[in-house]
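For reference, the chains in residue letters:
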Amino acid sequence: MCVYLALQLPWLGLSMDYHSDGDRWELTAVNEQSANRQVIDKYLQQHAVALPLDVIGLQSGQEQYHFAPTLFMEEPDTLPSYEEFNQLMRDQQALFQGSSNGELSLITADGQIIPLYTSSRPLTSLPVLFWFQLFVGVGGALTGALVWASRRRDSAAILYALTGVGYLIFAPAAAIYSTRELIISGEVFRVLSAINHFGALFFTASLTSLLWTYPIRLGNLKVPLVIYNIALVAWVLNLLQWLAPAFMHLAVLFIFSISFIFSVIQWKKTRNNPSARAALRWFLLSIYTATGLFAGLIIIPAALHIAPPAPQGIMFGAFLVMYWGLALGIVKYRLFQLEQWWHSITGWFVSGLFIVLFDIALVGGLALPQELALPIALAIAGWLYFPLRQFLWNRIGKHNNAGMNVWIGNVIHLLIDREANQSFKTSNERWLEIFREVWRTPHVKQCDGKQEYPAITNDGLRLLVPAYPNHLQYHFQIDLPDSGARLFTFADIKTVKHLQQIVGLALERIEARNQGVQLERDRIRRDMHDDLGATLLKLLHASTDETKPLVRSAIADMRQLVSALEQAPVEKEQALAQWRKEAEERCRLAGAHLDWLDQSENLPILLSPRMYTNLSRILREAISNALKYASHPSIQIHFHEQHICIKNPMVTNEIAGNGSGQRIIYERAREINAQLECVNDGTHYVVNLIIPPEQG
């Protein structure tokens, strides 16, 4: 239909050029297939002149119509008033009538009249820009139809298809009148312009409504209906010419500005939905890059009555790029690699848009000449805007930067600062803690099966990390980075490789250090056993009956120290059994009742030798105090979560002082970073001990 209408337009086969320096027009060429070829050649021979020929206008019947840029203009809605718009339609209609009646002539600069004839336009005369606008309109509509065909009941896919309908309306309509040779029926021109306006408003309303429903529906679908009604009212007002022509462009900008509000709401709604957030990023990049360019280069200049810097037909192509990008985001979203360069693209796009808008504001608002407005806009952008943008970008963006400078300090803390208390932990346990710290997620676990290389799965929700070294038959699985606020990207794979280099080397050194420490402990243990043990046994045999108990106690302490130097962690169940056995034996000998309650499911599964030794001596000292000072032979020892409570009734005030035994248990608690509190309320004496979870 569009090709048929374009071929039915009157065709002269003449090429005109406008010279703004002298405000004159020239006939530069005549097409070989033109019906005016012989007429123009005859005139040139009679007057002994050659092309280019200075001309001033056309004559239709008795009326003359001087050439002016408005007569050849690509888009009539850039005219500042409806009077000029309607005058253009009347002039085109008069020229069309003259061409139909055979009353059309060309007026030369010296007043000569050259009869002109029109014919049907040949297919080869249709310019590339005509076919390009048809291509982008049909391409956008077909893309929308394909998306809708795969998801017919999805409101987002329906709205996306409707944007394709709007695209198919405004682009081909503009292609017909914007690529005309010169003459077009004024009535057809007016109808095509109205169709173009309707398609543009319909397209903008559909696009804005799409952001209401995708990637997350923000609410009731009545909101898109309201947006469509606004677009319809704006089109009717423009059709009735009740307001200025600029109202049409302002209405498009107003409807489009609503999408900014929807985008902000979508951004907040998808905070904890990484798939939706990544889809939104792609959506915003696709939509605002294309529409921003079109608005900045076509709509805003037209609203300010400034000549657009690029042809409208060329800029229609930006929407097709947007369409293909949106199609990828709706049908099968796998574009999480965007995140690593999303901030840079957004920043530079906003910067460029700022310069364009500021330049337009200087030209339109302050009436500055364009030659002066652009340098001022660049100076303000360079001296004020860019430094301020960089400052804000660094302040806002650095919190979301997952670079090495963010996590290296925390990783070193895990490897070095806590090493003294947790040197018995395996490399796998350390890797799990490091992964949780680097990617700020609790969803980390070890899985069976060898993994050769780091890999991103589940559309960016999961990262598979090979064991270090990678010949081991297991791997690690990390889900939902930053607690689900984003997806994994290829930058995370680079982070894994950096971690394996840094942490792997650190773990090897820790392992070597621990081996050295263990060798030194073994040497000390052997020396104590062989030298000090032999000396104490000799002293035991030479002691009197009164001093033998002291020597035996010294031998027992030495054996406990030697046992601690074995550097073997003690299982929780084994430690609890040993503590209970000792407590029951001591209470039995003292004739006291023991109330033992074990609810220690959160107690560390493995206790380091230092932890086990200090807890054992704290419990032993607390039981000794309870048996010594209790008025009633009853002791309660309760293990709950990571809390140990030793309680006995009716203590005297004698224990509430600062005895050496009490000071020692406080020191032992501090040594293992535990919280110790001794409370005497006059009826009971309570020792409360809380073990931090990381002390296991």
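Just above, that's the structure.
Residues numbered from 1 in each chain as written. Predicted model: local features only at pLDDT ≥ 70, side-chain atom pairs only at ≥ 80, totals over all residues. Heavy atoms only, no water.

Things to note about the packing of aromatic side chains
Argument step 1. As enumerated under the stated definition, the model contains 25 aromatic pairs in all.
Argument step 2. Feature note: the residues Trp431, Phe435, Trp439, Tyr474, Phe476 and Phe488 constitute an aromatic cluster, connected by ring pairs. (Phe/Tyr/Trp six-rings, centres within 6.5 Å; stacked < 30°, edge-to-face > 60°.)

Some details on the nonpolar core
Argument step 1. Phe67, Leu106, Tyr167 and Leu201 are the most contacted members of the largest nonpolar core, which totals 92 residues.
Argument step 2. Setting aside its immediate chain neighbours within four residues, Leu201 contacts Ala231, Ala234, Trp235, Met248, Ala251, Val252 and Ile255.
Argument step 3. Core analysis: the next-biggest nonpolar cluster, separate from the first, contains 34 residues, Leu594, Leu607, Phe639 and Ile644 among them. (Core = buried A, V, L, I, M, F, W, Y, C linked by side-chain atoms within 4.5 Å. Buried < 20%, exposed > 50% of the residue type's maximum accessible area, 1.4 Å probe, protein only. Contact = heavy atoms within 4.5 Å.)

What about the side chain of Ser155?
Argument step 1. As for its placement among the helices and strands, Ser155 is situated in helix α6 (residues 155–178).
Argument step 2. Discounting chain neighbours no more than four positions away, the residues touching Ser155 are Thr213 and Arg217. (Helix = DSSP H or I, 4+ residues; strand = E, 2+ residues; numbered from the N terminus.)

Some thoughts on the pairing of strand β4 (residues 53–60)
Argument step 1. Counting buried residues in β4 gives 6 out of 8 residues, a clear majority hidden from the surface.
Argument step 2. In the sheet, strand β3 (residues 24–30) pairs with β4 via 3 bridges, with the strands oriented antiparallel. Across the sheet, residue Glu26 finds its bridge partner in β4, namely Asp54.
Argument step 3. Pairing geometry for β4 and strand β6 (residues 104–108), over 5 bridges, is antiparallel. Note on β6: the bridge partner recorded for Leu58 is Leu106.
Argument step 4. In the sheet, β4 pairs with strand β5 (residues 63–66) via 4 bridges, with the strands oriented antiparallel. Paired with Gly57 across the strands is His66, a residue of β5. (Pairing = 2+ DSSP bridges.)

Some points on a nonpolar patch on the surface
Argument step 1. There is a patch of nonpolar side chains on the surface, built from Leu232, Val236, Leu240, Trp242 and Leu243 and spanning about 490 Å² of accessible area.
Argument step 2. In this fold, Leu240 is placed in helix α8 (residues 222–240).
Argument step 3. For Leu240, a relative accessible area of 44% puts it in the partly exposed group. (Patch = residues over 30% accessible without salt bridge, like charges linked within 9 Å, V, L, I, M, F, W, Y side chains within 5 Å. Areas by Shrake-Rupley, 256 points an atom, 1.4 Å probe, with all protein chains shown as cover. Salt bridge = Lys/Arg side-chain N within 4 Å of Asp/Glu carboxyl O.)

Some points on unusual backbone geometry
Argument step 1. The peptide bond linking Leu51 to Pro52 adopts the cis configuration, its omega dihedral lying at 5 degrees.
Argument step 2. Here Pro52 is to be found in the loop between α2 (37–46) and β4.
Argument step 3. Positive phi, close to 55 degrees, is recorded for Leu480, a residue that is not glycine.
Argument step 4. Tracing the backbone through its elements, the reader meets Leu480 in the loop between β12 (474–479) and α18 (490–542).
Argument step 5. On the basis of relative accessible area, Leu480 is assigned to the partly exposed category, the value being 28%.

A word on helix α20 (residues 572–590)
Argument step 1. An ideal rise of 1.5 Å per residue puts 27 Å on 19 residues; α20 measures up with 27 Å between its terminal C-alpha atoms.
Argument step 2. Within α20 the residues assigned to the buried category are Lys572, Ala575, Leu576, Trp579, Ala583 and Cys587. Buried residues along α20 cover an arc of 95 degrees about the axis, so they all sit on one side. Away from its buried face, by an angle of more than 90 degrees, α20 presents the exposed residues Glu573, Gln574, Lys581, Arg588 and Leu589.
Argument step 3. For α20, the secondary structure elements touched by its buried residues are β13 (570–571), β14 (593–599), β15 (606–607), α21 (609–629) and β16 (634–640).
Argument step 4. A positive phi of about 70 degrees marks Gly591, the residue just after α20. (Expected span 1.5 Å × (residues − 1). Arc of directions from axis to C-beta.)

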